[in-house]
Amino acid sequence: MRISFVITAVSLSFLLGTSTRWLGIPTVPFVESDPKGTFSLKQLKYIIVDTNYQNTVDTEGETLITPSLRSFASTFSDDLSSSLDLKAALPNSIFMTIGNSSHYLDAAGRPTSEGYSINITKDGIVITGASPLGAFWRTRSILQQGVLSNGMQLSLGNAIDAPGWGVRGTFLDVGRHYYPPEFLIEMCSYLSFFKQNTFHLHLSDSPGLNPDLTYEEKLDFYSAFRLNSPDPAVEGLIKPVNESYSQFDFENIQQSCVSRGVTIIPEIEAPGHALVINKWKPELALDTDFTLLNISHPGTTPTIKTTWGSEIADYNLYVNTMHAYLGQNFDKKVLIWGTFQPSKIANETNINHNISIQHWEYFEANPYFDFMKNGYHLSSKLNISLIFHGAPDGGPTAPYIFDKSNASNNPPRDSPYVLGQMPALWNDFGPNSTSVMEAYYALREGLPALRDKQWGGDLLMHEYFSIFETLHAAIPGQNLDWRIDSKTNKILSYDFSSTGKVYDKSGNGYDSIIKGDCSVADSVLTIRMGCSVTTPLTSKGRNYTLAFSVRPTSSVPGTLFSGSASSLLTGNGSISNVMLVTGGNAYVLNYTLPLHVWTHINLIGIGNATYLSVTPSTTSEETVHEFTATIGDYSNSFIWNNPMAIEAPVAVIGGDNFQGEMKKVTLVDGADEKFICQVV
């Protein structure tokens, strides 16, 4: 699609018509001007940006790296192609401009830069944003209506809309589990499509630490600090280095996310949950708890300043000092966990009122009476199962609802002290307790529904489930489901019937390339050390069945299949147990492939579980094994047999030490649930 930038004056007049709404996530109030008239997005030829505002940026939002109206228009152009397959108006155009932000009010009656209006006539569409970000949010609704409407026909009419609350998003614990940059960027695309503007990343932490461990065991306990700075002042802090974000990585995450209207909020945990810092500088640890910083130590605050920028007696003064430091040196705002309520003691130093508070739990403080009544601004977290019935009266939740049972504990809907809402996804049990994609699936269905309530929409549960999957399939800038295009449910089929080449017989054309000393003859692929077969695919998300027959000819373990999200191995050099590896963690079966015997294998992903069925040619008896995680709790107890959802690796066959033969490789979208009942 071409983007034309012209100087144009536009006069808007909103005609009276029938009040209705656009069904979407979130819903949009809409007034039809002509019930019989429509404008088809298929007519689009241009996106026109008002040159008076093409370089305008939003100065009222949370981010300091704000895209211009022209930048958002460019993203919108790409998304029209991705979501609606429009290879695109004078007269058939979308015109984007900026209006007066005072016309768009949030739930507290304050002007918001994220508001917008739209006017649809038979000649085109005019989008007016309170800022470039407001205009961009309007484009999300156009994409959604194009997906949901019949033939991309939009009703003629107009709408004025604004979010109820300014902080709308989610929180992810990347301190206890590493998530690659590309996953975080795709999550921002997911958030953005439903007008979410905040992604809070918890960048340092450790699982719960048993205080009875020896000092040496504490130093060896898993902890992580994810920001990898080249500054010599923090040398030794960044661990593990191979699971950290370089300055380039993190800037790219921030820029990619903000291009879709999403601000990254970085969190370095301190003075609590600071094991990784205390392992770096043990002298700063509190004597009674090695996970806590001693904020009375003269080196603590300078150390934390160092972690952010290249003799504090209490917590409040520590927080206020960091607030002043970050504000004065980096023009940053501060958000803290709401752990300690304000003190009533005369002359006691309290938290600065310009610091925002994210409420944690009721057993620590009452958000309304302890914080808001004392002049503090709060955002809340939420169990996303309560989205449609999380209010005391049984109605839907909203950011101002902190107590689902007692309405007196909740502020008024228009309270200026409610900032918004960010449900938290924690990884308390550490890196092996989950996989990268399980974080997405934990949020996949519930978070978009919550977005409607965070915006202030009125979507009903049955309406939500009637449109969610249709909208989901059109979200641009991501493939978090790891979908693979296929003409049928059979995605891939290699029968190795062509000597020297590997052709896909599924009809999808996913032919492979042989690299190295692998060979094909008599419908069998022979895999020698170091050779591989490379497919044009990467990984397949749930649900799936990857089937093949294999005959190992060497006891040296190696890789059967590898992909962007996981690898299937016959062992790891020290053991010969079949295992799936994802996120650097191995999930090992109590099973070893027999040597010099053909075994038919099904790797099966169903919901939140992954199975391996094996049928050796010597017995023809099928057995099913499940890949599970053993989770440690405070280093002194364990939780066994936790299911793991792991994607199918389909990028490469072989490639390292595995030697043997393989035949009849197929990848199918879907799986037979019979395997759930057959686990040994």
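Residues numbered from 1 in each chain as written. Predicted model: local features only at pLDDT ≥ 70, side-chain atom pairs only at ≥ 80, totals over all residues. Heavy atoms only, no water.

(A) Local environment of the overall build of the protein chain. Counting secondary structure elements, the protein chain contains 12 helices and 41 strands. Expected size for 680 residues packed as a compact globule is a radius of gyration near 26 Å; at 28 Å, the protein chain falls within 12% of this value. In terms of overall dimensions, the protein chain has a C-alpha envelope of 75 × 70 × 50 Å along the principal axes. Looking at the 680 residues of the protein chain, the share that counts as buried comes to 54%. For the protein chain, the computed accessible surface area is about 28100 Å², with 50% contributed by carbon and sulfur atoms. Computed over 44 positive and 65 negative side-chain charges, the inter-centroid distance for the protein chain is 8 Å. (Helix = DSSP H or I, 4+ residues; strand = E, 2+ residues; numbered from the N terminus. Rg over C-alpha atoms; globule rule 2.2 N^0.38 Å. Buried < 20%, exposed > 50% of the residue type's maximum accessible area, 1.4 Å probe, protein only. Areas by Shrake-Rupley, 256 points an atom, 1.4 Å probe, with all protein chains shown as cover. Lys, Arg positive; Asp, Glu negative; His and termini not counted. Charge placed at Lys NZ, Arg CZ, Asp CG, Glu CD.)

(B) View of helix α12 (residues 461-472). Counted at 1.5 Å a residue, the expected span for α12 with its 12 residues is 16 Å, and the 16 Å between its end C-alpha atoms agrees. Taken as a whole, α12 has its buried residues at Glu-463, Tyr-464, Ile-467, Phe-468, Leu-471 and His-472. Projected down its long axis, α12 carries its buried residues within an arc of 130°, all on one side. Structural note: α12 exposes His-462 and Ser-466 on the side pointing more than 90 degrees away from its buried face. (Expected span 1.5 Å × (residues − 1). Arc of directions from axis to C-beta.)

(C) Representation of the state of the cysteines. By the definition in use, this model includes two disulfides. Across the disulfide, Cys-188 is cross-linked to Cys-257 (sulfur-sulfur distance 2.1 Å). On the S-S bond that ties Cys-188 to Cys-257, the torsion sits near 85°, and the link is right-handed. Taken as a pair, Cys-188 in helix α3 (residues 181-193) and Cys-257 in helix α5 (residues 247-258) lie far apart in primary sequence, 69 residues in all. Residue Cys-188 is classed as buried on the basis of its relative accessible area, which comes to 1%. (Disulfide = S-S within 2.5 Å.)

(D) Fine view of the packing of α3 against α5. The geometry of α3 relative to α5 is characterised by a closest axis approach of 9 Å and an angle of 15° between their N-to-C directions. Considering the angle they form, α3 stands roughly parallel to α5. With respect to the hand of their crossing, α3 and α5 are arranged in right-handed fashion. Residues Pro-181, Leu-184, Ile-185 and Cys-188 of α3 pack against Asp-249, Asn-252, Ile-253, Ser-256 and Cys-257 of α5. The class makeup of the residues in the contact of α3 with α5 is six nonpolar, two polar and one charged. (Axes fitted to C-alpha atoms, helices over the stretch in contact; angles between N-to-C directions. Parallel < 35°, antiparallel > 145°, perpendicular 65-115°, else oblique. Left-handed = near helix turned anticlockwise from the far one by under 90°. Contact = heavy atoms within 4.5 Å. Nonpolar A, V, L, I, M, F, W, Y, C, P; charged D, E, K, R; others polar.)

(E) The arrangement of α3 in detail. With 13 residues, α3 ought to run about 18 Å at 1.5 Å a step, and its terminal C-alpha atoms sit 19 Å apart, in line with that. Across the 13 residues of α3, 11 count as buried, placing the element largely inside the fold. For α3, the complete set of buried residues consists of Pro-181, Phe-183, Leu-184, Glu-186, Met-187, Cys-188, Ser-189, Tyr-190, Leu-191, Ser-192 and Phe-193. Count one or two residues on from α3 and you reach Lys-195, which has phi positive near 65°.

(F) The arrangement of the sheet that holds strand β31 (residues 567-569) in detail. In space, the seven strands of this open sheet follow the order β24-β27-β40-β30-β31-β32-β33, with antiparallel pairing throughout. The outermost strands of the open sheet, each flanked by one partner alone, are β24 (513-515) and β33 (585-588). Averaged over all adjacent pairs, the angle separating strand axes in this sheet is 15°, with direction ignored. Bridge count for β24 against strand β27 (residues 532-534) is three bridges, and the pairing is antiparallel. By the bridge assignment for β27, Lys-515 is matched with Ser-532. (Pairing = 2+ DSSP bridges.)

(G) Quick peek at the confidence of the model for the protein chain. Chain-level statistics for the protein chain give a pLDDT mean of 87 and a share of 90% at 70 or above. For residues 1-17, every residue scores under 50 in pLDDT, and the model assigns this stretch 45 contacts once sequence neighbours within four places are set aside. (pLDDT = per-residue confidence, 0-100.)

(H) Examining the side chain of Ser-532 more closely. Mapping Ser-532 onto the fold places it in strand β27. On the accessibility criterion, Ser-532 (9% relative accessible area) is buried. Excluding residues that lie within four positions of it along the chain, Ser-532 makes contacts with Ile-513, Ile-514, Lys-515, Cys-518, Val-652, Ile-653, Gly-654 and Gly-655.

(I) Region of the structure containing the packing of helix α1 (residues 69-84) against helix α2 (residues 132-148). Two elements in contact, α1 and α2, have axes whose closest approach is 10 Å; the angle formed by their N-to-C orientations is 10°. As judged from the angle between their axes, α1 and α2 are roughly parallel. The residues of α2 that touch α1, namely those facing Leu-69, Phe-72, Thr-75, Phe-76, Asp-79, Leu-80, Ser-83 and Leu-84, are Pro-132, Leu-133, Ala-135, Phe-136, Thr-139, Arg-140, Ile-142, Leu-143, Gly-146 and Val-147. Residues belonging to the contact of α1 with α2 are distributed by class as follows: 12 nonpolar, four polar and two charged.

(J) Geometry of the packing of aromatic side chains. Scanning the entire structure with this criterion turns up 19 aromatic pairs. Seen in terms of ring centroids, Phe-72 and Phe-136 are 4.6 Å apart; in terms of plane orientation they differ by 25°. Their pairing is stacked. A relative accessible area of 2% means that Phe-72 is categorised as buried. Given a relative accessible area of 0%, Phe-136 falls into the buried group. Aromatic rings pair up to connect Tyr-190, Phe-193, Phe-194, Tyr-440 and Tyr-441 into one cluster. Its end group placed over the ring of Trp-455, Lys-195 keeps NZ or CZ at 4.9 Å from the ring centre. (Phe/Tyr/Trp six-rings, centres within 6.5 Å; stacked < 30°, edge-to-face > 60°. Lys NZ or Arg CZ within 6 Å of the ring centre and 35° of its normal.)

(K) The pairing of strand β10 (residues 198-202), seen in detail. For β10, the buried fraction is high: five of the five residues fall into the buried class. Pairing of strand β9 (residues 167-173) with β10, which is carried by five bridges, proceeds in the parallel orientation. For Gly-169, the partnering residue across the bridge sits in β10 and is Thr-198. Crossover handedness for the path β9 to α3 to β10: right-handed. Here β10 pairs with strand β15 (residues 263-267) via five bridges, running parallel. The partner of His-202 across the bridge, within β15, is Glu-267. (Right-handed = clockwise from strand over helix to strand, strands pointing away.)

(L) Broad picture of the pairing of strand β7 (residues 124-129). Across the six residues of β7, six count as buried, placing the element largely inside the fold. The alternating pattern of β7 places Gly-124, Val-126 and Thr-128 on one face and Ile-125, Ile-127 and Gly-129 on the opposite face, and all of these are buried. Inspection of the sheet shows strand β5 (residues 93-98) paired to β7 by six bridges, in the parallel sense. In the strand pairing of β7, Ser-93 is matched with Gly-124.

(M) Region of the structure containing the side chain of Glu-243. Looking at the secondary structure, you find Glu-243 in the loop between β13 (227-228) and β14 (245-246). Filtering out sequence-adjacent residues up to four positions away, Glu-243 remains in contact with Tyr-178, Tyr-222, Arg-226 and Gly-583.

(N) Structural context of unusual backbone geometry. Following Ile-25, the chain continues to Pro-26 via a peptide bond in cis, the omega torsion being 0°. As for its placement among the helices and strands, Pro-26 is situated in the loop between β2 (18-22) and β3 (28-40). Between Arg-542 and Asn-543 the backbone carries a cis peptide bond, its omega angle lying at -5°. Positive phi values are uncommon outside glycine, yet Met-152 reaches one of about 60°. Turning to its location among the elements, Met-152 is positioned in the loop between α2 and β8 (153-161). Look at Met-152 and you get buried, because its relative accessible area is 13%.

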